[in-house]
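Survey of secondary and tertiary structure
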Amino acid sequence: TSMLPPAKNDRIITQFPKCFSPSAALQTKPGFHPQVKALCKTHKSGTVNCNVAKVIVVGDVSVGKTCLISRFCKGFFEKNYKATIGVDFEMERFEVLGVPFSVQLWDTAGQERFKCIASTYYRGAQAIIVVFDLSSVTSLAHARQWLEDAMKENDPSSVLLFLVGTKKDLSSPDQLYQTEQEAIRLSEEIKAEYWAVSAKSGDGVRDFFFRVASLTFEAIVLSELETGGSKHVGDIVKLTDTGEDPDQPPKKKPNCCR
């Protein structure tokens, strides 16, 4: 039986979010790949055991990785900080162009003593989110090393990269401008999208994760088309009966490395 929660109305994606500015996402494009869009348009609705994208979230301790994920998945800000031990994860289900699709967000520990444990979960990621604190230049300086560590377990040519500055609400305008200039330079160098968000206020969080879901969905479908020669989205997204009652509350998902 599937452990995925039922699709939520506020997780439906029909197009990329339009709210980001040029400095907020450096590699934007107007819409999905035409082939992906055409395939999804012809896809018949039904009970779907959807593809799952693995997204790992890395960065220094206390930069706000867990708060960022909690703000999106649970809809509130975690006031009482608790360091992640090893790895934890959340699963969110979306509907992208009419096709159910899930994103598994792996929240990894930033403490040095848990680094070896966390790194074992890096492999097989479709996207890497490198998080830093906009009020801490040091955390930005460490972002490159976090990315290099995560890349050791993944193919650089097939992973989407995002550089995310958190705690936007704590930075003064001057400090924010200076830090963002450095972040934008780094993101251009590593070919990542740069986003500035605030988990406390929620500013930019929802749109950022919609962007992650959109791009990972598109990348997975295109990859399957190229490697498998599939001509229909139904060949990629398998149609199965999950046996789960959509009117019942979702089953509790297991926690990792508690």
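None of the values given here were measured: they were computed from a predicted structure.

A closer look at the overall build of the chain
Within the chain one finds eight helices and seven strands. Here the chain, with 258 residues, has 50% of them falling under the buried criterion. Here the contacts in the chain between residues at least 6 apart in sequence split such that 79% fall between residues at least 24 apart. A total of about 13100 Å² of accessible surface is found on the chain, and carbon and sulfur atoms cover 51% of it.

Quick notes on the environment of M91
Note that M91 resides in strand β3 (residues 87–96). On the accessibility criterion, M91 (12% relative accessible area) is buried. M91 sits 13 residues away from Q104 along the chain, and the two C-alpha atoms are 4.5 Å apart.

Points about the confidence of the model for the chain
Scored by pLDDT, the chain comes out at a mean of 77, with 69% of its residues at no less than 70. The least confident element of the chain is helix α8 (residues 233–236), whose mean pLDDT is 55; the most confident is strand β5 (residues 127–133), at 96. Ignoring residues within four places in sequence, the model shows residues 45–49, a span with pLDDT below 50, making 15 contacts including any to other chains.

A word on helix α2 (residues 65–73)
Residue pairs spaced three or four apart in an α-helix point in one direction, given the helix's 3.6 residues per turn. Of all nine residues making up α2, eight are buried, and the element is well covered by its neighbours. Among all positions of α2, only K65, C67, L68, I69, S70, R71, F72 and C73 are buried. Following α2 by one or two positions, G75 has its phi on the positive side, about 80 degrees.

Details of the nonpolar core
Residues I129 and F217 are the most contacted members of the largest nonpolar core, which totals 39 residues. Of all the elements in the fold, those that place two or more residues in this core are α1 (34–42), β2 (52–59), α2, β3, β4 (99–108), β5, β6 (160–166) and α7 (205–228). When residues in this core are grouped by element, the largest group, 12 residues, is from α7. If we ignore the near neighbours within four places in the chain, the residues touching I129 are V55, I56, V57, V58, F162, V164, F208, F209 and V212. Ranked by size, the runner-up nonpolar core spans 28 residues in total, among them I56, V58, A143 and A183.

Considering the pairing of strand β7 (residues 193–196)
Side chains E193 and W195 project from β7 onto one buried face, and the interleaved Y194 and A196 project onto a second face that is buried too. Considered for its hand, the β-α-β crossover made up of β6, helix α6 (residues 173–190) and β7 is right-handed.

Some words on the packing of aromatic side chains
Scanning the model with the defined rule gives 11 aromatic pairs in all. Following the ring pairs from residue to residue traces out a cluster consisting of F72, F94, F162, W195, F208, F209 and F210. Of note, K54 hangs over the ring of W106, and the distance from its end group to the ring centre comes to 5.2 Å. Taking NZ or CZ as reference, R206 lies 4.6 Å from the ring centre of F210, over its face.

With respect to the pairing of β4
Summarising burial for β4: 10 of the 10 residues are buried, a large majority. Neither face of β4 is open: one carries V99, F101, V103, L105 and D107, the other P100, S102, Q104, W106 and T108, and all of them are buried. Both β2 and β4 contribute to a ladder of six bridges, which runs parallel. Paired with I56 across the strands is W106, a residue of β4. The pairing of β3 with β4 spans 10 bridges and is antiparallel. When the bridges of β4 are listed, F89 appears paired with W106. In this antiparallel pair of consecutive strands, β3 and β4, the connection spans two residues, and L97 shows a positive phi of 50 degrees.

Quick look at the packing of helix α5 (residues 143–151) against α6
Here α5 crosses α6 at 25 degrees, and the two axes come no closer than 11 Å. By the angle between their directions, the pair α5 and α6 is classed as roughly parallel. Taken as a pair, α5 and α6 cross one another with a handedness that is right-handed. Two secondary-structure elements touch here, α5 through A143, R144 and L147 and α6 through L186, E189 and I190. When grouped by side-chain class, the residues that make up the contact of α5 with α6 number four nonpolar, no polar and two charged.

About the cut-offs
- Residues numbered from 1 in each chain as written.
- Predicted model: local features only at pLDDT ≥ 70, side-chain atom pairs only at ≥ 80, totals over all residues.
- Heavy atoms only, no water.
- Helix = DSSP H or I, 4+ residues; strand = E, 2+ residues; numbered from the N terminus.
- Buried < 20%, exposed > 50% of the residue type's maximum accessible area, 1.4 Å probe, protein only.
- Contact = heavy atoms within 4.5 Å.
- Areas by Shrake-Rupley, 256 points an atom, 1.4 Å probe, with all protein chains shown as cover.
- pLDDT = per-residue confidence, 0-100.
- Core = buried A, V, L, I, M, F, W, Y, C linked by side-chain atoms within 4.5 Å.
- Right-handed = clockwise from strand over helix to strand, strands pointing away.
- Phe/Tyr/Trp six-rings, centres within 6.5 Å; stacked < 30°, edge-to-face > 60°.
- Lys NZ or Arg CZ within 6 Å of the ring centre and 35° of its normal.
- Pairing = 2+ DSSP bridges.
- Axes fitted to C-alpha atoms, helices over the stretch in contact; angles between N-to-C directions.
- Parallel < 35°, antiparallel > 145°, perpendicular 65-115°, else oblique.
- Left-handed = near helix turned anticlockwise from the far one by under 90°.
- Nonpolar A, V, L, I, M, F, W, Y, C, P; charged D, E, K, R; others polar.

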